[in-house]
Amino acid sequence: MIKDSLELQYKIELGFDQLIDIPSSKSLFTTADRLQLLTERRKAWRDLTWSKYRIIKMSGLCDAYELVGGVFAKTERKGTRAPRHFTASILPSRTQPVEQRFVHKDLGVGTKDFAMDPSQNLLALLEFHDFGPFWGGSSASADGDLRIHLRTLLTNEKHPEARRPFLYNKGPRNI
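Worth saying up front: this structure is predicted, and the values here are computed from it rather than measured. Per chain, the residues get numbers from 1 upward, laid out in the order the sequence is written. Where totals are concerned, whole chains, interfaces and linings use all residues; where local detail is concerned, this predicted model gives features only for residues with pLDDT of at least 70, and gives and counts side-chain atom pairs only at 80 or more. Each side-chain value is worked out from all heavy atoms of the structure, with water and hydrogens disregarded.

Undergrad: So what exactly am I meant to see when it comes to the packing of aromatic side chains here?
TA: Note on aromatic pairs: each is described by the distance of the centres and the angle between the planes. Here a pair means two rings of Phe, Tyr or Trp (six-membered ring of Trp) with centres within 6.5 Å. Their orientation is stacked below 30 degrees between planes, edge-to-face above 60, and tilted elsewhere. According to the stated counting rule, one finds four aromatic pairs in the structure shown. Seen from their ring centres, Phe 86 and Phe 114 are 5.4 Å apart, and the 80° between their planes marks the pair as edge-to-face. Taken together, the positions of Phe 86 in strand S3 (residues 85-90) and Phe 114 in strand S5 (residues 111-117) put the pair 28 residues apart, joining distant regions of the chain. There is no split in this pair, since Phe 86 and Phe 114 are both buried. Each helix corresponds to a stretch of at least 4 residues labelled H or I by DSSP, and each strand to a stretch of at least 2 residues labelled E; elements are numbered beginning at the N terminus. Residue exposure (1.4 Å probe, protein chains only): buried if accessible area is under 20% of the type maximum, exposed if over 50%, otherwise partly exposed.

Quick look at the structure:
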C-alpha cells in the first residue's frame, strides 16, 4: 500500500526528518514535487551543498537574534538605551525568491531578549530593566518581576490571539 501511495511516502519521509507539511491553497507543487524537494533538501543538508548562495547584508550591531522558519531577526540598541530597534528578514527560498525585510524603529519597550514564531505572526519580547552600571541590566525588575510582551511579528501590535498584551510574573516577595 505504501509503495502505491505517494501521499503516504511523503508523510513518512516528513516524519523521518521531523517535519510537518503545511498545506496551502496557493501551492504550485504536487505531492510528487514535494517528495522530490524533500529528498533533495535532505541530500543538500547531508552533503552541505546549496542550490543557491546569497549574501544578505544587515547593518548595525546585534544585541539578540533569532533564526526561525526562514526568518532572521535581530534587536539593536541605539546609544546607551536598552534595545528597542528590531529588524527582520524573510529569507529567500524556492517559493519566495526575493528577500523581504521589515523594521520596527521603536518596539515601545526596551528588550533583553526575544523569541518569535513566524507561522503564528508572533513576537515575544522579554522586557529589559536597567539598574545602572552596577547591575548591568536584567530581564527582571529589582523585586524579580518579569514581563513578556506578546506582539505581532509584522506590525508590532498586540497579538490578536493574546488575552493580555503581556505575560507578567511577580517575583518573590519578602515578608
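Moving on from the model shown.
Undergrad: Looking at this structure, I do not really get the side chain of Ser 89. What am I missing?
TA: Note that Ser 89 resides in strand S3. A polar side-chain atom of Ser 89 sits 2.5 Å from a polar atom in the side chain of Glu 99. Apart from the residues within four sequence positions on either side, Ser 89 is in contact with Ile 56, Met 58, Gly 70, Val 71, Phe 72, Glu 99, Gln 100 and Arg 101. Polar contacts, as used here, are pairs of N or O atoms within 3.5 Å; protein pairs need one atom able to donate a hydrogen and one able to accept it. Residues neighboring in sequence count only if both atoms are side-chain atoms. By definition, residues are in contact when any of their heavy atoms lie within 4.5 Å.

Undergrad: How do you make sense of unusual backbone geometry when you look at a structure like this?
TA: Most peptide bonds take the trans form, and the phi angle of most residues other than glycine is negative. With phi around 50°, Asn 121 is a residue other than glycine that occupies positive phi space. Residue Asn 121 is classed as partly exposed on the basis of its relative accessible area, which comes to 24%. Its identity is not glycine, yet Asn 156 carries a phi of approximately 65°, on the positive side. Along the chain, the position of Asn 156 falls in the loop between strand S7 (146-152) and strand S8 (166-169). Looking at Asn 156, the relative accessible area reads 14%, which means it is buried.

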